[in-house]
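# Architecture at a glance
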Amino acid sequence: MKIKRILFIILGCIGVGLGAVGAVLPLLPAFPFLLLAAFCFAKSSERLHRWFTGTKLYKNNLESYVKGQGMTRKTKIRIMITVTILMSIGFFMMHAVPVGRIVLAAVWVFHILYFVFGVKTIAVPAGKKAEETAAEN
């Protein structure tokens, strides 16, 4: 039981690290890694989970989705672009495996449909828009 807890903590820390990098780099999405971190910390340590859900990284990128409110359009587009790029690489590398290409294409289509129709799009609060504009300049 102790090893499982340690593995969840390690995976959670990796998720936070990659999520932090993804929050800064446009190619790497923060969302899936932060979701991994939230899951792992919830399974491993109440204290780590409480700490993580209190961070600005969590609140800016994941909190609204976890609460069932949805994601911003920018976040959804970033995730869809990244997944499209990564799945395209796999698709082209599977030129000799037609079944693999079909499976990847189906997963990609369902992924896009889920983010377009299954995840609510929320507006960015006015104060946050000003912060993002200032950060980008």
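On a predicted model such as this, the values are computed, not experimentally measured, just so you know.

Right, let's talk about the packing of helix H6 (residues 73-93) against helix H7 (residues 98-118) for a bit. As a packed pair, H6 and H7 sit with axes 10 Å apart at the nearest point and diverge in direction by 175°. Considering their axes alone, H6 and H7 lie roughly antiparallel with respect to each other. For the pair formed by H6 and H7, the contact residues are Lys76, Ile79, Met80, Val83, Thr84, Met87, Gly90, Phe91 and Phe92 on the first element and Arg101, Leu104, Ala105, Val107, Trp108, His111, Ile112, Phe115 and Val116 on the second. Taken together, the residues that form the contact of H6 with H7 break down as 13 nonpolar, 3 polar and 2 charged.

The next point concerns H7. Compared with an ideal rise of 1.5 Å per residue, which puts 21 residues at 30 Å, H7 spans 29 Å between its outermost C-alpha atoms and is within 8% of the ideal. If you check which residues of H7 are buried, you get Gly100, Leu104, His111, Ile112 and Phe115. Axial view of H7: buried residues confined to an arc of 100°, hence all on one face. Facing away from the buried surface of H7 by more than 90 degrees, the exposed residues are Pro98, Val99, Ile102, Phe110 and Phe117. For H7, the elements touching its buried residues are strand E1 (71-72) and H6.

Before going further, it helps to spend a moment on the environment of Ser45. With respect to the element layout, Ser45 can be found in the loop between helix H2 (31-44) and helix H3 (46-53). Taking the C-alpha atoms as reference, Ser45 lies 9.6 Å from Ile6; in sequence the two are 39 residues apart.

Before going further, it helps to examine the pattern of salt bridges. On inspection of all chains with the given rule, the structure shows 1 salt bridge. A salt bridge links Arg50 to Glu46, with the nearest nitrogen and oxygen atoms 3.9 Å apart. Residue Arg50 and its partner Glu46 are both found in helix H3; the two are separated by 4 residues, about one turn of the helix. Considered together, Arg50 and Glu46 belong to a single accessibility category, that of exposed residues.

What follows concerns the packing of aromatic side chains. Within this structure, the stated rule accounts for 7 aromatic pairs. Here the aromatic rings of Phe8 and Phe39 are separated by 6.0 Å at their centres, their planes lie at 75°, and the arrangement is edge-to-face. Here Phe39 lies in helix H2 and Phe8 lies in helix H1 (residues 2-24), a separation of 31 residues in the sequence. A residue is classified by how much of its surface remains accessible, and Phe8, at 17% relative accessible area, is buried. Pairing Phe41 with Phe52 gives two aromatic rings, centres 5.8 Å apart and planes at 65°, and the pair type is edge-to-face. Of this pair, Phe41 sits in helix H2 while Phe52 sits in helix H3, and the two are 11 residues apart along the sequence. Residue Phe41 shares its accessibility class with Phe52, and that shared class is buried. One aromatic cluster is present, formed by Phe41, Trp51, Phe52 and Tyr58 through successive ring pairs. In this structure, Arg101 packs its charged tip against the face of Phe91, placed 4.2 Å from the ring centre.

This part covers the environment of Thr121. With respect to the helices, strands and loops of the structure, Thr121 is situated in strand E2 (residues 121-122). Judged by its relative accessible area of 38%, Thr121 is partly exposed. Considering only alpha carbons, one finds Thr121 and Gln69, 52 residues apart in sequence, at a separation of 8.2 Å. With near-sequence residues (within four places) excluded, Thr121 lies in contact with Met71, Thr72, Arg73 and Lys76.

What counts and how
- Residues numbered from 1 in each chain as written.
- Predicted model: local features only at pLDDT ≥ 70, side-chain atom pairs only at ≥ 80, totals over all residues.
- Heavy atoms only, no water.
- Axes fitted to C-alpha atoms, helices over the stretch in contact; angles between N-to-C directions.
- Helix = DSSP H or I, 4+ residues; strand = E, 2+ residues; numbered from the N terminus.
- Parallel < 35°, antiparallel > 145°, perpendicular 65-115°, else oblique.
- Contact = heavy atoms within 4.5 Å.
- Nonpolar A, V, L, I, M, F, W, Y, C, P; charged D, E, K, R; others polar.
- Expected span 1.5 Å × (residues − 1).
- Buried < 20%, exposed > 50% of the residue type's maximum accessible area, 1.4 Å probe, protein only.
- Arc of directions from axis to C-beta.
- Salt bridge = Lys/Arg side-chain N within 4 Å of Asp/Glu carboxyl O.
- Phe/Tyr/Trp six-rings, centres within 6.5 Å; stacked < 30°, edge-to-face > 60°.
- Lys NZ or Arg CZ within 6 Å of the ring centre and 35° of its normal.

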